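Remarks on the overall topology
Residue-level listing of the chains:
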Amino acid sequence: MDFAHEALSLPLVTSDRYLLETLRPYCEEAAKARRTAAGSLRASVENEIYRLLPHGRANVETVARALGVSPRTLARKLAEEGTNFAKLIADLRRTLSLQYIREPNFTVAQIAWLLGYERPESFTHAFRRWAGRSPSQVRSASHTESVGAKMQNFGA
Amino acid sequence: MSVAGRAPATGSGFAARRVLAVLQKRNIEAAPLLQRVGLSDYNPDDRQQRMSALSQARLVEYAAEAIADTAFGLHLAQETDPREAGLLLYAVSAGKDVREALALFARYSHIVNDSVRVAIVPRAEGATLALNFAGVPRHRAKQNVEFAIAVVVKALREASGRKISPSRVAFFAPADLRSEGIRPVLQLPG
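Conventions adopted
Think of each chain on its own: its residues are numbered from 1, step by step along the sequence as written. Written order determines the labels here, with chains lettered from A and ligands numbered from 1. At least 70 in pLDDT is required for a residue's local features to be given in this predicted model, at least 80 for side-chain atom pairs to be given and counted, and no such filter applies to totals for whole chains, interfaces and linings, which use all residues. Segment limits for the domains were obtained from an automatic or database-derived domain assignment. For every residue pair, C-beta atoms are placed from the backbone, and the pair is scored as a contact if these atoms sit within 7 Å. Under the convention adopted here, Pro, Cys and the residues Ala, Val, Leu, Ile, Met, Phe, Trp and Tyr are nonpolar, Asp, Glu, Lys and Arg are charged, and Gly plus all remaining residues are polar. Pairs of strands are assigned from DSSP output, requiring at least two bridges between the strands. The numbering of helices and of strands both runs from the N terminus, where a helix is a DSSP run of H or I of at least 4 residues and a strand a run of E of at least 2. For helices, the fitted axis covers only the stretch in contact; all axes are lines through C-alpha atoms, and the angles between them, taken along N-to-C directions, range from 0 to 180 degrees. Put simply, a residue is buried when 20 or more other C-beta atoms lie within 10 Å of its own C-beta and exposed when 12 or fewer do; between those, it is partly exposed, and each C-beta is set from the backbone. We call two directions roughly parallel when the angle between them is under 35 degrees, roughly antiparallel when it is over 145, roughly perpendicular when it lies between 65 and 115, and oblique otherwise.

Residue and element names in this part refer to chain A. Along its sequence, chain A is carved into domain 1 (17-100) and domain 2 (104-156). In this complex, domain 1 contributes nine residues to the contact, which on the side of domain 2 involves eight residues. Its residues placed into classes, the side of domain 1 that touches domain 2 shows five nonpolar, two polar and two charged.

Here is the structure:
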């Protein structure tokens, strides 16, 4: 869902800095409780990575800080869950790339940026490794399937 | 992404409570639908009770079928008071502007539903609010996703006092998994 700068800059008539600062600790606590209840640090790390990927800040230090643990503790706890930070980033990038590539409005450069790659070539290289084909090949195959499905819907 | 070994995502029942209210208003028995999605024990009056996010998404889908409304999620949002989202809504509404409200939503949305992943992606012409429902198959998520999108827009309109509309809404789903009605409901341009 895209919002233009003019919409993003609109002030809220309900804005209340004091209320926000009062609610913030409760929100943090509730969010932390959700992480605990979910029983999996991995899910919380994935949420943070998802949020930080497009900004190129999805590194272990930033995520650990957001979750209120040290990078070392984060690594240890992920290991207890049988995974590690690099694997989670790779898995999430792969999953998201396969979603984004089916969205015709996103260019390969935009997808690379959304996934936190500095250069489109790095994304293309990684995508080939995951999908066995280039982004444009997958996109063109996806378009053909979609046209085929539409023709079927119209009884062609 | 593998979800093996992971506790299932849960929601606060925000959407489910609205669904039950609408079913009751239309004299449609909710019990068979709740049973079908594994929520027979659900008590909408218990605000502390969490439910499976997948079950909630399925409940919204089955209610749409029972009511025969292909844009049920959108219509449900129109009848929803965003304040029912509780703490999340009050925090988001206290932000300085729409930009900060979206950032707060991204940070705290899983208080209401921990299957939702939210990212704010800056773009040259503004920003994209990207929503992803982890662990909920797309064919079970259409009404739930459209409900979420429409409630977010409604909450922003109420908090800003302006008829805010996204400049574009895109789905990572085939065309038959989205409602035609989304354009007029959200008053999208073009």
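Moving on to the sheet that holds strand β3 (residues 116-123) of chain B. Taken in spatial order, the three strands of this open sheet run β1(A)-β4(B)-β3(B), and their pairing is antiparallel. Two strands lie at the open edges of the sheet, namely β1 (2-4) of chain A together with β3 of chain B, each paired on one side alone. Each strand axis lies, on average, 20 degrees off the axis of its neighbour in the sheet, ignoring direction. Judged from the eight bridges that link them, β3(B) and strand β4 (residues 126-133) of chain B form a sheet pairing that is antiparallel. Within β4(B), the position partnered with Arg117(B) by the bridge is Asn132(B). Along the sheet, helix α3 (residues 41-52) of chain A contacts β3 and β4 of chain B; its crossing angle with β3(B), the most-contacted strand, is approximately 20 degrees.

Let's shift gears to unusual backbone geometry. Residues and elements named next belong to chain B. Residues other than glycine seldom take positive phi values, yet Asn27 does so here, at roughly 55 degrees. Following the sequence through the fold, Asn27 ends up in the loop between α1 (14-25) and α2 (31-36). Take Asn27: there are 6 C-beta atoms within 10 Å of it, and that puts it in the exposed class.

Residue and element names in this part refer to chain B. In the contact formed by helix α3 (residues 53-67) and helix α7 (residues 142-160), the axes pass within 7 Å of each other and the chain directions differ by 100 degrees. Between α3 and α7, the crossing angle belongs to the class labelled roughly perpendicular. Mapping the contact onto sequence places Ala57, Val60, Glu61 and Ala64 in α3 and Gln143, Asn144 and Phe147 in α7. Its residues placed into classes, the contact of α3 with α7 shows four nonpolar, two polar and one charged.

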